[in-house]
Amino acid sequence: MSCFQLLGLPDRPVPSADAVKQAWRLAAKGRHPDQGGDPVEFARLLKAYEEAMEEAMAPRQCVPCQGTGKTTIGAGWSAVKLVCLSCGGTGQELTT
């Protein structure tokens, strides 16, 4: 089971950091040892939260433009179209 699944989130697309935080709060609420939860289960949940946050905040790789001159950079649930750095926005492969 992935860190996202332990928090009740889908694996793909990678959830945003805000979605991970919200899922963590809901999942941890009744499982905290101070609230009568199992310390081992809570530690597992905490580790899943830390891994999910690390992945959610990691920089996303660009999707190649495939000749359009635009590239898509994904960040959590959203994506942004930018000028392709591989071709400089020309849609042609740069020669060096």
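To be clear, the structure that these remarks concern was listed above.
Residues numbered from 1 in each chain as written. Predicted model: local features only at pLDDT ≥ 70, side-chain atom pairs only at ≥ 80, totals over all residues. Heavy atoms only, no water.

Time to look at the overall build of the protein. When you go through the protein residue by residue, the secondary structure sums to 3 helices and 3 strands. Here the protein holds 96 residues, and the buried ones make up 29% of them. At a minimum sequence separation of 6, the contacts of the protein that also span at least 24 residues come to 35%. (Helix = DSSP H or I, 4+ residues; strand = E, 2+ residues; numbered from the N terminus. Buried < 20%, exposed > 50% of the residue type's maximum accessible area, 1.4 Å probe, protein only. Contact = heavy atoms within 4.5 Å.)

Core analysis: the biggest nonpolar cluster contains 18 residues, and Phe4, Leu7, Val20 and Trp24 have the highest contact counts within it. Where this core is concerned, the elements lending two or more residues are helix 1 (3-6), helix 2 (17-29) and helix 3 (39-56). Counting residues per element, this core draws most heavily on helix 3, at 7 residues. Every residue in contact with Leu7, bar those within four places of it in the chain, is listed here: Val20, Ala23, Trp24, Ala27, Leu45, Ala48, Tyr49 and Ala52. (Core = buried A, V, L, I, M, F, W, Y, C linked by side-chain atoms within 4.5 Å.)

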